[in-house]
Amino acid sequence: MKRVIAIADRAALVSLKLLVALNVLFFLSFLIVALLAGRAHAETPACGGTDMLSALRKDNPAVYSKIEAEAAATPNGKGLLWKLEKPGEKPSFLFGTMHMTDPRVTTLPPAAQKAFDAADTVVIETTEVLDQQKMMAALLKEPDLMMFTDSTTLSSLLSPDDAAAMNKALDARGIPPATVAKMKPWLQSAMVALPACELARKAGGAPVLDVKLAEDAKASGKSVEGLETVADQLHAMASLPLAFHMKGLVDALKLGDKVNDVNETMIVLYQSGETGMFWPLFRVVLPGDEDDPAGYAAFEETMITSRNKVMADHAGPLLARGNAFMAVGAMHLPGPQGLVEDLRKAGYTVTAVD
């Protein structure tokens, strides 16, 4: 526990950022499933995991209080549903999602369901994931964004112990290591950071919340719009240094079965709308012996802050139509440079609902 307390006082860890990349990049889980089509286990393993927050509250109330205080100081850190109002426009709503298939996630809270049902337009991060064949055809025009196109293999960049740990993690998910040997490290990070049960559900066709919303919207005759392209997201992830991605992969491997606890904890926090508590909690419980402030800052700017601004800009014309329901990853909402604040800067009155 002393080591946990020491970690709590450090800057945010790079391993944290890559571990939650599946909840920062909407398209990433779809890309993995498309690349691994037919390779994962046909059966769906049982999901496990323990809520780490409850354990921490019981075992170390002082550290829990520190996390709680940091979360309370995070602007817009409570709430998933936000009402957007601007003079001359019909009100719209912003809703934070998790890119997961878990039924606890894919069932909307009553207030969000009411706003969704009444909306004329539903906006998600990118509509390209709704046609995976088209998405893959576009991405394969730039294979070096996803794969090593020279003689490099990922295992050649890892120590023997780390390579063995990676192979073990892939085997547990029914993925033959040889079939993914040429993939870039951030794709491998996402594979080992995704619980086996979640990967199996996705591979079996279960929709994540965002896709379910888009499909339900289409079925009811609503307009469905996107804020970004998959290629833009992929270029952003690939622009970060290789060393940064390798560290993230190694740190993700250190988690082992604890990835199930991380997943369960994120779902529990999501259900309670505590979006401001994600980072403070995981900074305490995730591994990482050395900080990388430069790498952290680059990730924060490239994958979150810059994309928040792009989303806010692209949302403008769609929100101007009025009566829209905009659903994006919940991690984009909180913070001084989060999407809630960016929309306020764009002239909207943004108010938490429930």
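Residues numbered from 1 in each chain as written. Predicted model: local features only at pLDDT ≥ 70, side-chain atom pairs only at ≥ 80, totals over all residues. Heavy atoms only, no water.

## Focus on the sheet that holds strand 6 (residues 349–353)
Stated formally: By the convention used here, strands pair only if DSSP detects at least 2 bridges between them. Put simply, DSSP marks the helices as runs of H or I at least four residues long and the strands as runs of E at least two long, and each gets a number from the N terminus on. Axis lines are fitted to C-alpha atoms, over the contacting stretch for helices. Their N-to-C directions set the angle, which ranges from 0 to 180 degrees.
Spatially, the six strands line up as an open sheet ordered 4-3-5-2-1-6, and their pairing is mixed. Either end of the sheet is taken by a strand with one partner, and the two such strands are strand 4 (223–226) and strand 6. Between one strand axis and the next, the sheet turns through 25° on average, direction left out of account. Alignment of strand 1 (residues 81–85) against strand 2 (residues 92–97), held across four bridges, turns out to be antiparallel. From the neighbouring strand, leucine 84 faces strand 2, where its bridge partner is serine 92.

## Quick look at the side chain of threonine 121
Rule in force here: For every residue, the accessible area (1.4 Å probe, protein chains only) is compared with the maximum for its type, and the residue is labelled buried under 20%, exposed over 50%, or partly exposed between those bounds. Whether two residues are in contact is decided by their heavy atoms: any pair within 4.5 Å suffices.
With respect to the helices, strands and loops of the structure, threonine 121 is situated in strand 3 (residues 121–124). On the accessibility criterion, threonine 121 (5% relative accessible area) is buried. Look past the residues within four positions of threonine 121 in its chain and what remains in contact with it is Ser223, Glu225, Arg321, Asn323, Ala324 and Phe325.

## Here's the deal with the environment of threonine 153
Tracing the chain through its elements places threonine 153 in the loop between helix 9 (132–139) and helix 10 (160–172). The partly exposed category is assigned to threonine 153, whose relative accessible area is 23%. Each C-alpha atom of the pair threonine 153 and valine 180 lies 9.2 Å from the other, and the pair is 27 residues apart in sequence. Aside from chain neighbours lying at most four places away, what touches threonine 153 is Phe148, Ala181 and Lys182.

## Here we look at the nonpolar core
Spelled out, the test is: Among the buried residues, those of types Ala, Val, Leu, Ile, Met, Phe, Trp, Tyr and Cys that are joined through side-chain atoms within 4.5 Å form a nonpolar core.
Among the nonpolar cores identified, the biggest contains 82 residues, and Leu31, Phe95, Tyr270 and Phe325 are the most heavily contacted of them. No other element matches the six residues that helix 15 (residues 242–255) contributes to this core. Contact partners of leucine 31, with chain neighbours within four places excluded, come to Met135, Met136, Leu139, Met146, Trp186, Leu187 and Leu234. With 19 residues, the next largest nonpolar core counts Ala312, Leu319, Met326 and Tyr348 among its residues.

## Things to note about the side chain of threonine 152
Structurally, threonine 152 is set in the loop between helix 9 and helix 10. Discounting residues that sit within four places of it in the chain, threonine 152 has contacts with Leu157 and Lys182.

## Focus on the state of the cysteines
The test is simple: We call a pair of cysteine sulfur atoms a disulfide when they lie within 2.5 Å.
Under the definition given, this model contains one disulfide. A disulfide bridge connects cysteine 47 with cysteine 197, and the sulfur atoms are separated by 2.1 Å. Residues cysteine 47 and cysteine 197 are joined through a disulfide that is right-handed, its torsion about the S-S bond being 115°. Here cysteine 197 lies in helix 12 (residues 196–203) and cysteine 47 lies in the loop between helix 4 (28–35) and helix 5 (52–59), a separation of 150 residues in the sequence. A relative accessible area of 4% means that cysteine 197 is categorised as buried.

## A word on the packing of helix 5 against helix 6 (residues 61–72)
Stated formally: Roughly parallel means an angle under 35 degrees; roughly antiparallel, over 145; roughly perpendicular, 65 to 115; everything else is oblique. Note on residue classes: Ala, Val, Leu, Ile, Met, Phe, Trp, Tyr, Cys and Pro are nonpolar, Asp, Glu, Lys and Arg are charged, and everything else, Gly too, is polar.
Packing of helix 5 against helix 6 brings their axes to within 6 Å, and their N-to-C directions diverge by 125°. By the angle between their directions, the pair helix 5 and helix 6 is classed as oblique. Two secondary-structure elements touch here, helix 5 through Leu53, Leu56, Arg57, Lys58 and Asp59 and helix 6 through Pro61, Val63, Tyr64 and Ile67. Residue classes in the contact of helix 5 with helix 6 are distributed as six nonpolar, no polar and three charged.

## Describing the confidence of the model for the protein
Close reading of the predicted structure is inappropriate where its pLDDT is low. For the record, the criterion: Values of pLDDT, which run from 0 to 100, indicate the predictor's confidence residue by residue.
Residues of the protein with pLDDT of at least 70 account for 84%, and the chain-wide mean is 83. Low pLDDT, under 50, characterises residues 1–16; the stretch is placed with 37 contacts to residues that sit more than four places away or in other chains.

## Side note on unusual backbone geometry
Leaving glycine aside, a negative phi is the common case for residues, and trans is the common case for peptide bonds. Of note, the phi angle at asparagine 76 is positive, near 60°, even though the residue is not glycine. By secondary structure assignment, the location of asparagine 76 is in the loop between helix 6 and strand 1. Asparagine 76 sits in the buried class, given a relative accessible area of 13%.

## Details of the packing of aromatic side chains
Let me state the cut-off plainly: Here the aromatic set is Phe, Tyr and Trp, taking the six-membered ring for Trp, and pairing holds for ring centres within 6.5 Å; pairs whose planes are under 30 degrees apart are stacked, those over 60 apart are edge-to-face, and all others are tilted. Whether a charge sits over a ring comes down to the Lys NZ or Arg CZ being within 6 Å of the ring centre and within 35 degrees of the ring normal.
Under the counting rule described, the total for this entry stands at two aromatic pairs. For the ring pair phenylalanine 116 and phenylalanine 325, a centre distance of 5.5 Å and an interplane angle of 85° mean the geometry is edge-to-face. Here the residue phenylalanine 116 occupies a position in helix 8 (residues 110–118), and phenylalanine 325 occupies one in strand 5 (residues 324–329), the gap between them amounting to 209 residues. With respect to class, phenylalanine 116 is no different from phenylalanine 325; both count as buried. Through a chain of ring-to-ring contacts, three or more aromatic side chains come together here, namely Phe95, Phe116 and Phe325. The ring of tyrosine 348 has lysine 86 sitting right over it, with the charged end atom 4.2 Å from the ring centre. It is lysine 222 that lies over the ring of phenylalanine 116; its NZ or CZ is 5.6 Å from the centre.

## Thoughts on helix 6
Our working rule: In a helix, the anticipated span is given by 1.5 Å times the number of residues less one. What the arc measures is the spread of directions leading from the helix axis to the C-beta atoms.
With twelve residues, helix 6 should reach 16 Å at 1.5 Å per residue; the first-to-last C-alpha distance of 16 Å fits that figure. Among the residues of helix 6, Val63, Tyr64, Ile67 and Ala71 are the ones counted as buried. Mapping the buried residues of helix 6 onto a view down its axis gives an arc of 100°, with all of them on the same face. Among the exposed residues of helix 6, those pointing more than 90 degrees away from its buried face are Ala62 and Ala72.

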